[in-house]
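Chain and residue survey
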Amino acid sequence: MSLPDLSGRNICILATHGFEESELLQPRDDLKGAGANVTIVSPESGEIKGWKGDDWGQSVSVDAPLSGARVEQYDALVLPGGQINPDLLRVEDEALALIKAFADAGKPVAAVCHAPWLLIEAGLVEGKTLTCYKSIVTDLKNAGANYVDQEVAVDGNLITSRCPDDLPAFGKAIAEMVSEKASAEMA
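A brief structural summary.

Conventions and cut-offs
- Residues numbered from 1 in each chain as written.
- Predicted model: local features only at pLDDT ≥ 70, side-chain atom pairs only at ≥ 80, totals over all residues.
- Heavy atoms only, no water.
- Helix = DSSP H or I, 4+ residues; strand = E, 2+ residues; numbered from the N terminus.
- Rg over C-alpha atoms; globule rule 2.2 N^0.38 Å.
- Contact = heavy atoms within 4.5 Å.
- Areas by Shrake-Rupley, 256 points an atom, 1.4 Å probe, with all protein chains shown as cover.
- Lys, Arg positive; Asp, Glu negative; His and termini not counted.
- Charge placed at Lys NZ, Arg CZ, Asp CG, Glu CD.
- Buried < 20%, exposed > 50% of the residue type's maximum accessible area, 1.4 Å probe, protein only.
- Disulfide = S-S within 2.5 Å.
- Pairing = 2+ DSSP bridges.
- Axes fitted to C-alpha atoms, helices over the stretch in contact; angles between N-to-C directions.
- Core = buried A, V, L, I, M, F, W, Y, C linked by side-chain atoms within 4.5 Å.
- Expected span 1.5 Å × (residues − 1).
- Arc of directions from axis to C-beta.
- Parallel < 35°, antiparallel > 145°, perpendicular 65-115°, else oblique.
- Left-handed = near helix turned anticlockwise from the far one by under 90°.

Topic: the overall build of the protein
Broken down by element type, the protein carries six helices and twelve strands. For 187 residues, the compact-globule estimate of 2.2 N^0.38 gives 16 Å, and the C-alpha radius of gyration of the protein, at 15 Å, lies within 12% of that figure. Its C-alpha atoms give the protein principal-axis dimensions of about 40 × 40 × 30 Å. In the protein, of all internal contacts separated by at least 6 residues, the share reaching a separation of at least 24 is 66%. Accessible surface, the protein as shown: approximately 8,200 Å² in total, 43% of it carbon and sulfur. When the 15 basic and 29 acidic side-chain charges of the protein are each reduced to a single mean position, those positions are 2 Å apart.

Concerning the side chain of Asn157
Along the chain, Asn157 falls in the loop between strand 11 (152–155) and strand 12 (158–161). Judged by its relative accessible area of 13%, Asn157 is buried. Aside from chain neighbours lying at most four places away, what touches Asn157 is Phe102, Ala103, Gly106, Lys107, Pro108, Val109 and Met177.

Observations concerning the state of the cysteines
Put plainly, two cysteines are in a disulfide when a covalent bond ties their sulfur atoms together. Within this structure, the stated rule accounts for zero disulfides. Residue Cys132 stays outside any disulfide, its sulfur separated by 8.8 Å from that of Cys113, the closest cysteine. Look at Cys132 and you get buried, because its relative accessible area is 1%. There is no disulfide at Cys163, and the cysteine sulfur nearest it, in Cys113, is 7.3 Å away.

A short note on the pairing of strand 5 (residues 55–61)
Summarising the sheet, strand 4 (residues 47–52) and strand 5 pair through five bridges and their orientation is antiparallel. Bridging across to strand 5, Trp51 finds its partner in Trp56. Between strand 4 and strand 5, which follow one another and run antiparallel, lie two residues, and Gly53 among them has a positive phi close to 70°.

A word on the sheet that holds strand 6 (residues 64–65)
Strand order in the open sheet formed by seven strands is 6-3-1-7-8-12-11, with mixed pairing between adjacent strands. Strand pairing shows two members of the sheet lacking a second neighbour, strand 6 and strand 11, which therefore form its edges. Taken strand by strand, helix 6 (residues 167–186) contacts strand 1 (10–14), strand 7 (76–79), strand 8 (109–112), strand 11 and strand 12, and its axis lies near 170° from that of strand 12.

A word on the nonpolar core
Formed by 33 residues in total, the largest nonpolar core has its most connected members in Leu14, Leu79, Ile99 and Leu119. Where this core is concerned, the elements lending two or more residues are strand 1, strand 7, helix 3 (93–104), strand 8, helix 4 (116–121) and helix 5 (137–142). A per-element tally of this core places helix 3 first, with six residues. Counting 29 residues, the second largest nonpolar core, distinct from the first, contains Ile40, Ile159, Ile174 and Val178.

Things to note about helix 3
The terminal C-alpha atoms of helix 3 lie 16 Å apart, and with twelve residues this matches the ideal 16 Å at 1.5 Å per residue to within 8%. Among the residues of helix 3, Ala95, Leu96, Leu98, Ile99, Phe102 and Ala103 are the ones counted as buried. The buried residues of helix 3 occupy an angular sector of 160° when projected down its axis, which confines them to one face. Residues of helix 3 that are exposed and point over 90 degrees away from its buried face: Asp93 and Asp104. Buried positions along helix 3 lie against strand 1, strand 7, helix 2 (84–89), strand 8 and helix 4. Where helix 3 ends, the next residue or the one after it, Gly106, has phi of about 75°, a positive value.

Structural notes on the packing of helix 1 (residues 21–33) against helix 6
Following both chains from N to C, one finds helix 1 and helix 6 inclined at 45°, their axes separated by 10 Å at the closest point. When the axis of helix 1 is compared with that of helix 6, the two are oblique. Judged by the sense of rotation from one axis to the other, the crossing of helix 1 with helix 6 is right-handed. From helix 1, Ser22, Glu23, Gln26, Pro27 and Leu31 reach across to helix 6, where they touch Leu167, Pro168, Phe170, Gly171, Ile174 and Ala175.

Following this line, the structure appears as structure tokens:
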């Protein structure tokens, strides 16, 4: 899979303990591979531990504190799923404020698996066409979203995917939107 050149672009991945390992690592690696600078932002410091299968997975280093993260520093926001990670983040006022700031700025906000919970909590889903993991479809519909069962859904600046199997399409959609917005800025 070939992604657009993202050299000079800065991507924020917002996560905490319990992120689905593949849903943080694969987008991070794909976007870095396309030339982007990727920053792991968290309310935690040091390292955060992923979840893989039925147990804890590997840890990743936190690059920057959530308290210092500003939308102006980044070109896009990526929200990995897993059950634990978005559930912990959706009660963090700073996390929700950052997500809303990206949305208000018209910058890409990409959420996979259970991470659309964060979009719901941030008040961003009503009337939007989105997808998510099968166990939170009702949550998305109850919040006013138009649910679609497809590997990636793009509506305005929101990008959503269902599960780890969809990660190639998810990464491609993020890279394409970041590239399009960068081209529009230069025009």
